[in-house]
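# Per-entry structural report
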Number of protein chains: 2
Amino acid sequence: MTDPVVNRLIEALRVLPGIGQKSAQRMAFHLLQHDRNGAVRLAQSLLQAVDEIGHCERCHTFSRDRICATCLDPTRDARMLCVVETPADQAALERTGSYRGLYFVLAGALSPLDGVGMHDIGVTRLLERANDGVVDEVVLATNFTAEGEVTAHVLSEQLRQRGVRVTRLARGVPVGSELEYVDLGTIAHALMDRR
Amino acid sequence: MTDPVVNRLIEALRVLPGIGQKSAQRMAFHLLQHDRNGAVRLAQSLLQAVDEIGHCERCHTFSRDRICATCLDPTRDARMLCVVETPADQAALERTGSYRGLYFVLAGALSPLDGVGMHDIGVTRLLERANDGVVDEVVLATNFTAEGEVTAHVLSEQLRQRGVRVTRLARGVPVGSELEYVDLGTIAHALMDRR
Ligand SMILES: [Zn+2]
Ligand SMILES: [Zn+2]
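These numbers were taken from a predicted model, which means no experiment stands behind them.

Residue and element names in this part refer to chain A. Ordered in space as β4-β3-β5-β6, the 4 strands form an open sheet in which the pairing is parallel. The strands lining the two open edges of the sheet, one partner per strand, are β4 (101–105) and β6 (165–168). Taking each pair of neighbouring strands and ignoring which way they run, the sheet shows an average axis angle of 30 degrees. With 5 bridges joining them, strand β3 (residues 77–84) and β4 adopt parallel strand pairing. Opposite C82, over in β4, you have Y103 as the bridge partner.

This is the structure we're talking about:
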């Protein structure tokens, strides 16, 4: 019953992760009814971001410039290189304020079953980078999921073969959690890695 | 730490209802990493909808044309006029396939505490429309929330004063639900309105 132009907007909104038909309709109707200025601003921001944002040649995070501000920051410790799966993971680490080294952003995690191999996520460039004579320690900060762990394992082997020092974020009990509610695998790891 | 253009996109995504900072960031990163074509399509759809979609002069639903297709449809029963709060509610009624009359879409519900009165939601135009000599019955299909009920009550009084026949969607137990899990107010109404 709805106008084809409205339907096209509803369809287009479904490119957003986690947005199904129903949420997309609610969003379209909300924008048209209550926030047309916001809708125009969103459209302009999307076009500008797609047009201007590429990837940093050095760390592959999102960047408007050839080399991103983090990579160019002379106050950061270039001897440490933290490997993450996505720019979102990098942003989470930055928010902690407790890491002052540089980053290497993979294009996701290894997923052999989906045909995502070492080359697809940028492992070759990481190995070159880690062997540039400046990097002293690679901190693996891939996710603690099955795919993230496999990726960390493979990277760890490849890097160690090349004589690079490799560490991994500690597994353990999340800050603020009660043991009773923490899953057993996590407790087991926290026991093993106790210090 | 993120690029200002990416941050602007994240901010812009927050005009979407129900989307906080974290979801907006996830959406922005997803589009830039995995679906730039989808992002451009979304931007174009937003601009086209804002540009082309207005409100039907007769029923006030979203429409590209001065009068919408539903209002112009000669097979619909012009003697019945169903009043809803939003185009989304109209869409829900249309999906049932069990209503063949026309519609009048209010601009939301009355909300005196927020300063939303009869004129703001289009009650004056509804009263004119209901007295056009064609409409025989007004079906109130505002929401069964506090504000929707107040709106239905006020409309009902105003319309009846003008000699218009008014009905309200039936309250009752939702199809497929087990009584044990239905809230008591609903059961009480279903008892009162038993037939
Ligand atoms: Zn960089
Ligand atoms: Zn209409």
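Alright, that's what it looks like, and here's the rest.
It is worth spelling out the coordination of the zinc ion (ligand 1) at this point. Residue and element names in this part refer to chain A. At the metal site, the zinc ion (ligand 1) is ligated by C56 (SG), C59 (SG), C68 (SG) and C71 (SG), and these contacts range over 2.3 Å. Angles of 105 to 117 degrees at the metal separate the 4 donor atoms of the zinc ion (ligand 1), which places the site in the tetrahedral class. In primary-sequence terms, the residues that donate to the zinc ion (ligand 1) follow C-x2-C-x8-C-x2-C. Taking relative accessible area as the criterion, C56 reaches 0% and is therefore assigned buried. Note on C59: relative accessible area 1%, which makes it buried.

With that settled, consider the domain arrangement of chain A. Parsing chain A into structural domains produces domain 1 (4–52) and domain 2 (76–168). Placing the centre of domain 1 of chain A and that of domain 2 of chain A at their C-alpha centroids yields a distance of 34 Å.

The next thing to look at is the coordination of the zinc ion (ligand 2). Residue and element names in this part refer to chain B. Note on the zinc ion (ligand 2): its protein donors are C56 (SG), C59 (SG), C68 (SG) and C71 (SG). The metal-donor distances range over 2.3 Å. Viewed at the metal, the 4 donor atoms of the zinc ion (ligand 2) are separated by angles of 105 to 116 degrees, and the geometry they form is tetrahedral. Here the donor residues of the zinc ion (ligand 2) are spaced in sequence according to C-x2-C-x8-C-x2-C. With C59 in the loop between β1 (54–55) and β2 (62–63) and C71 in helix α4 (residues 69–72), the pair connects residues that are 12 residues apart, well separated along the chain.

Listed by partner, the interface residues are 50 residues for chain B and 50 residues for chain A. Approximately 5100 Å² of surface area, both sides summed, lies buried where chain B meets chain A, with 70% of it carried by carbon and sulfur atoms. There are 2 salt bridges connecting chain B and chain A. D3 of chain B serves as the salt-bridge partner of R64 of chain A, at 3.2 Å between the closest nitrogen and oxygen. In this assembly, chain B and chain A are joined by 10 residue pairs in polar contact (both at pLDDT 80 or more). At the level of secondary structure, the elements contributing two or more residues to the side of chain B that touches chain A comprise α1 (4–13), α2 (21–34), α3 (36–52), β1, β2 and α5 (87–96) of chain B. Looking at the side of chain B that touches chain A residue by residue, the class counts come to 28 nonpolar, 12 polar and 10 charged.

Rules used throughout
- Residues numbered from 1 in each chain as written.
- Chains lettered and ligands numbered in written order.
- Predicted model: local features only at pLDDT ≥ 70, side-chain atom pairs only at ≥ 80, totals over all residues.
- Heavy atoms only, no water.
- Pairing = 2+ DSSP bridges.
- Helix = DSSP H or I, 4+ residues; strand = E, 2+ residues; numbered from the N terminus.
- Axes fitted to C-alpha atoms, helices over the stretch in contact; angles between N-to-C directions.
- Donors = N, O, S within 2.8 Å, 3.2 Å for Na, K, Ca; no water.
- Tetrahedral: all angles 85-135°; square planar, octahedral: opposite > 155°, others 65-115°.
- Buried < 20%, exposed > 50% of the residue type's maximum accessible area, 1.4 Å probe, protein only.
- Domains from an automatic or database assignment.
- Contact = heavy atoms within 4.5 Å.
- Buried area = accessible area lost by both parts, 1.4 Å probe.
- Salt bridge = Lys/Arg side-chain N within 4 Å of Asp/Glu carboxyl O.
- Polar contact = N/O pair within 3.5 Å; in protein donor to acceptor, adjacent residues only side chain to side chain.
- Nonpolar A, V, L, I, M, F, W, Y, C, P; charged D, E, K, R; others polar.

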